[in-house]
Amino acid sequence: IPAPAMLSATMKLCCGIAHDHLRRLPGLKATAVAAIQEHIRGLVARGSHHLPSKIPLYLQSLMGKETAPCPRPTTDISPSQSSSTELSFITQGERVLQQALSILQQHRSWQAETMLDTGAAVSSATLPGLGRVFRAEVVLAVPVARLHQELFERMEQMPQWNPTLSQVKVLRHIGTDTLVTHEVTAPIPGNLVGKRDFVSVRHLGRRDTAIYLVGTATQAESLPPQEGCIRAESRLSCIVLQPLPGDPGRTRLTWILSMDLKASASRGGTAKCAHSNGWIPAAVVNRVLPQSQVDFIEHLRRHLSATAGP
């Protein structure tokens, strides 16, 4: 059966499950939900023009967390508009996941970055459509599940252990694997880039034993630019968590990152950032990103060590 027809059939099946006498058939419900998830992910991978324009909120809740109530709009947005918006966030997350997988699987020409001895290996490459991309790799002495909790499920608690962030807020939960977040960097004396904030889609993907935590910039109409901040954008962020072969208590963390700090290029190899510090050499901007990766990993390592069990 063609994918759109199959999706339509499974949607009708789930609508039938809404009746009380069918809700008592958990096997049927689980099968229908799994079918919807599989077909939507396939359609997303093939392009948004294959997707239906509207998927009911009830089905959106089925695609995500079974025990969660259907989300209710907090504004005068209609259920169909809210459903379409949530589907667009899922689409963004799946697309950036596929982009990250392509980079990780196909790209080989990484050049080592000169960094202080931090325990993390950092490299970079210039890729079409993304510009300079940085990759950090490190092995941490905790299992994948612990890192998944700290980096996805407990995102809002990051400022408690990462002093470079002043706020992380989850604006939307879409199922169990997609979030819309707002992050604000902390003002740091001597920081040439200045204070930034980000609105991002965060999406979780799984491949075999690995977990992929991806992110990219998105729009949130209810969140205007913050006073004193420059709204920067994450082009692509992907943290890969893989258990070490033969040692599931340790995890290899690989992080690829490309960001637009909202600096415009100029003659002479400099970049102009929209803050009081004015002109900044492009080399400094390119130094900030890998250093932020190294700093984040070090803060994470300290947090994991401080909260390790006996």
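From a predicted model like this one, the values you see are computed outputs, not experimental measurements.

Participant: Help me get a handle on the overall build of the chain, residues and values and all.
Facilitator: Secondary structure summary: the chain contains seven helices and 13 strands in total. Residue burial in the chain is summarised as follows: out of 310 residues, 45% are buried. Pairs at least 24 apart in sequence give 58% of the contacts found in the chain among residues at least 6 apart. Carbon and sulfur atoms provide 54% of the accessible area of the chain, an area that totals close to 16200 Å².

Participant: Describe the packing of aromatic side chains, and please don't skip the residues or the numbers.
Facilitator: Going through the model one piece at a time under the given rule, you end up with two aromatic pairs. Counting every residue linked through ring pairs, the aromatic cluster contains W161, W255 and F296.

Participant: Break down the pattern of salt bridges for me, with residues and values.
Facilitator: Scanning the model with the defined rule gives 10 salt bridges in all. Note that E86 and R172 form a salt bridge whose closest N and O atoms lie 3.5 Å from each other. Here E86 is found in helix α5 (residues 79-106), whereas its partner R172 is found in strand β4 (residues 165-174), with 86 residues between them in sequence. Note on R172: relative accessible area 26%, which makes it partly exposed. Through salt bridges with shared partners, a single network forms among R146, E150 and R154.

The rules behind these values
Residues numbered from 1 in each chain as written. Predicted model: local features only at pLDDT ≥ 70, side-chain atom pairs only at ≥ 80, totals over all residues. Heavy atoms only, no water. Helix = DSSP H or I, 4+ residues; strand = E, 2+ residues; numbered from the N terminus. Buried < 20%, exposed > 50% of the residue type's maximum accessible area, 1.4 Å probe, protein only. Contact = heavy atoms within 4.5 Å. Areas by Shrake-Rupley, 256 points an atom, 1.4 Å probe, with all protein chains shown as cover. Phe/Tyr/Trp six-rings, centres within 6.5 Å; stacked < 30°, edge-to-face > 60°. Salt bridge = Lys/Arg side-chain N within 4 Å of Asp/Glu carboxyl O.

This is a description of form; function is not addressed.
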